[in-house]
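Report on the structure
One-letter residues, chain by chain:
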Amino acid sequence: MTTVTDAGQTAVDADRTAVFDAAVAADERIEPRDWMPDAYRATLVRQIAQHAHSEIIGMQPEANWITRAPSLRRKAILIAKVQDEAGHGLYLYSAAETLGTSREELLDKLHAGRQKYSSIFNYPTLTWADVGAIGWLVDGAAITNQVPICRCSYGPYARAMVRICKEESFHQRQGFELLLTLSRGTEAQHAMAQDAVNRWWWPSLMMFGPPDDESSHSAQSMAWKIKRHSNDELRQRFVDIAVPQAEALGLTLPDPDLKWNEERGQHDFGAIDWTEFWDVLKGNGPCNEQRITQRRTAHEDGAWVRDAAAAHAAKHTERTTARSAQNEQEATA
Ligand SMILES: [Fe+2]
Ligand SMILES: [Fe+2]
């Protein structure tokens with residue numbers, strides 16, 4: 001009989017950590033069966049869950065406009081987009097499941113307010129132009145955030161992001177095209193597009209998270225190569241991409257301090273209202289209550305679908321087991 005002494009266990013842990021660290025340093029992917037530090041696993045579950053929750057809660061503000069889309073073409077595009085977001089949620093819940101957590105458990109935590117989703121979805125969609133502003137700015141910010149995650153050290157998360165980013169780039173373009181049509185339309189349509197951009201610009205900048213010196217998880221996530229760039233770097237990249245696009249749209253960004261800085265080769269921009277960010281994060285945004293109530297209701301209303309799917313799966317397993325038992329019997333007879 002062998003007993004593992006404390007010293008022996010420590011040596012095993014040190015070996016495993018060294019293998020893990022070397023794989024991360026060599027830009028190799030960590031896969032579900034590989035050993036990983038508990039904190040790495042917990043960080044990934046937290047981040048992937050938050051990301052998955054954002055995808056499905058994010059369906060609400062836009063789905064709000066499906067019945068009121070101004071044409072059949074716009075309606076078909078919007079339905080497809082909202083459906084894509086549901087799909088993104090599914091890929092991500094599946095990625096989280098590879099870390100040993102169930103989708104059920106994650107949804108329970110979301111519904112109980114114990115896990116978060118992106119605060120951007122706690123703002124209302126007041127006009128049709130908001131659908132365009134969300135596509136252009138919110139999906140645009142999401143892409144800037146998510147493209148580097150395609151190179152994340154955890155394999156299933158990185159692979160899910162490759163497909164998600166392709167779809168997000170379609171979302172961003174449809175938003176841009178929608179805003180361009182409004183911007184070149186009547187005076188009232190142009191004003192509607194401008195108003196939507198005015199309301200979504202600052203919350204989009206907040207999507208990159210708190211400034212680097214206040215971001216509690218950033219340094220460790222960068223060391224583990226879950227995150228590749230800091231919040232402030234990504235925010236700056238987004239601003240630099242958005243400015244010429246706003247010009248092409250014929251719309252202005254609501255920031256009097258926004259200007260090109262020749263020396264830095266980047267745009268300077270005004271101060272973000274972090275009080276608003278923390279307030280919405282704490283649950284006091286305009287739609288926090290509505291979003292989570294609607295999510296809980298959708299979950300309860302969908303219980304019969306989950307029950308039916310589980311009953312079908314059980315029946316299927318039963319039949320396959322009976323059939324293979326019968327085949328075995330016939331083979332030995
Ligand atoms: Fe998405
Ligand atoms: Fe999207």
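All values reported here derive from a predicted model rather than from experimental measurement. (Residues numbered from 1 in each chain as written. Chains lettered and ligands numbered in written order. Predicted model: local features only at pLDDT ≥ 70, side-chain atom pairs only at ≥ 80, totals over all residues. Heavy atoms only, no water.)

1. Some points on the environment of Thr332
Selection criterion: By the criteria applied, helices consist of DSSP H or I runs no shorter than four residues and strands consist of E runs no shorter than two, each listed in order from the N terminus. Remark: exposure states derive from per-residue accessible area (1.4 Å probe, protein chains only) relative to the maximum for the residue type, with buried under 20%, exposed over 50%, and partly exposed in between.
Here Thr332 shows up in helix 13 (residues 303-332). Residue classification places Thr332 among the exposed residues on the basis of a relative accessible area of 68%. Separated by 46 residues in the primary sequence, Thr332 and Pro286 place their C-alpha atoms 69 Å from one another.

2. Remarks on a negative patch on the surface
The test is simple: What makes a patch is a set of residues exposed beyond 30% relative accessible area and free of salt bridges, joined within 9 Å when like-charged and within 5 Å when nonpolar (Val, Leu, Ile, Met, Phe, Trp, Tyr). Throughout, the Shrake-Rupley method with a 1.4 Å probe supplies accessible areas, and for residues the shown protein chains are the sole cover considered. Criterion for a salt bridge: a side-chain nitrogen of Lys or Arg within 4 Å of a carboxyl oxygen of Asp or Glu. In this charge count, Lys and Arg are treated as positive and Asp and Glu as negative; neither His nor the chain ends contribute. We put the charge of a Lys on NZ, of an Arg on CZ, of an Asp on CG and of a Glu on CD.
A surface patch of like charges, here negative, comprises Asp212, Asp213, Glu214 and Glu233. Residue placement: Asp212 occurs in the loop between helix 8 (187-206) and helix 9 (218-223).

3. Overview of the coordination of the iron ion (ligand 2)
Here is the rule we go by: Nitrogen, oxygen and sulfur within 2.8 Å of a metal are treated as its donors, or within 3.2 Å for sodium, potassium and calcium (Na, K, Ca); water is not counted, so a site can appear incomplete.
Around the iron ion (ligand 2), the protein contributes the donor atoms Glu85 (OE), Asp139 (OD), Glu168 (OE) and His171 (ND1), at 1.9 to 2.3 Å from the metal centre. Of note, the iron ion (ligand 2) draws all its donor residues from one chain, in the sequence arrangement E-x53-D-x28-E-x2-H. A separation of 3.4 Å is found between the iron ion (ligand 2) and the iron ion (ligand 1), both of which receive a donor from Glu85. Of this pair, Asp139 sits in helix 6 (residues 129-146) while His171 sits in helix 7 (residues 155-183), and the two are 32 residues apart along the sequence.

4. Some remarks on the domain arrangement of the protein
Under the convention used in this document: All domain edges in this entry derive from an automatic or database-based domain assignment. Throughout, a residue-residue contact means that at least one pair of heavy atoms, one from each residue, lies within 4.5 Å. Buried area counts how much accessible surface, traced with a 1.4 Å probe, disappears from two parts once they are put together, with both parts' losses summed. Any pair of N or O atoms that falls within 3.5 Å is considered a polar contact. Within protein, one atom must be able to donate a hydrogen and the other to accept it, and sequence-neighbouring residues count only if both atoms are side-chain atoms. Note on residue classes: Ala, Val, Leu, Ile, Met, Phe, Trp, Tyr, Cys and Pro are nonpolar, Asp, Glu, Lys and Arg are charged, and everything else, Gly too, is polar.
In terms of domain boundaries, the protein breaks down into domain 1 (31-276) and domain 2 (286-332). The centre of domain 1, based on its C-alpha atoms, is set 31 Å off from the matching centre of domain 2. Contacts between the two partners involve 12 residues from domain 1 and, on the opposite side, 10 residues from domain 2. Summed over both partners, the interface of domain 1 with domain 2 buries about 1100 Å², with 57% contributed by carbon and sulfur atoms. Connecting domain 1 to domain 2 are 6 residue pairs in polar contact (both at pLDDT 80 or more). Sorting the residues of the side of domain 1 that touches domain 2 by element identifies helix 2 (38-57), helix 3 (59-63) and helix 5 (103-111) as the ones contributing at least two each. Of all the elements, helix 5 adds the most residues to the side of domain 1 that touches domain 2, at 3 residues. Each residue belonging to the side of domain 1 that touches domain 2 can be placed in one class, and the counts come to 9 nonpolar, 3 polar and no charged.

5. Considering the coordination of the iron ion (ligand 1)
Selection rule: Site shape is set this way: if four donors have all angles between 85 and 135 degrees, tetrahedral; if opposite donors are over 155 degrees apart and all others between 65 and 115, square planar for four donors and octahedral for six; otherwise irregular.
Donor atoms from the polypeptide that bind the iron ion (ligand 1) are Glu55 (OE), Glu85 (OE), His88 (ND1) and Glu168 (OE), placed at 2.0 to 2.2 Å. Taken together, the 4 donor atoms coordinating the iron ion (ligand 1) span angles of 86 to 141° at the metal, a pattern that classifies the geometry as irregular. Motif for the iron ion (ligand 1), donor spacing along one chain: E-x29-E-x2-H-x79-E. Relative accessible area serves as the criterion here: at 2%, Glu168 is assigned to the buried category.

6. Remarks on the packing of aromatic side chains
The cut-off we apply is this: Classification of ring pairs rests on two measures: the distance between centres of Phe, Tyr or Trp rings, Trp counted by its six-membered ring, which must be within 6.5 Å, and the angle between planes, read as stacked under 30 degrees, edge-to-face over 60 and tilted in between. Only when the NZ of Lys or the CZ of Arg is both within 6 Å of the ring centre and within 35 degrees of the ring normal is a charge said to sit over the ring.
Applying the stated criterion across every chain yields a total of 9 aromatic pairs. The interplanar angle of 85° and the centroid separation of 6.4 Å between the aromatic rings of Phe20 and Trp35 together place this pair among those described as edge-to-face. Placement of Phe20 in helix 1 (residues 6-25) and of Trp35 in the loop between helix 1 and helix 2 is noted, with a sequence separation of 15 residues between them. According to the relative accessible area criterion, Phe20 is buried, its value standing at 3%. Of the residues examined, Trp35 reaches a relative accessible area of 32% and is grouped as partly exposed. Ring centres 5.9 Å apart and planes at 20° place the aromatic pair Trp201 and Phe238 in the stacked group. Of this pair, Trp201 sits in helix 8 while Phe238 sits in helix 10 (residues 231-249), and the two are 37 residues apart along the sequence. Take Trp201 and Phe238: they sit in the same class, and that class is buried. Sitting over the ring of Trp65, Arg68 keeps its end group 3.9 Å from the ring centre.

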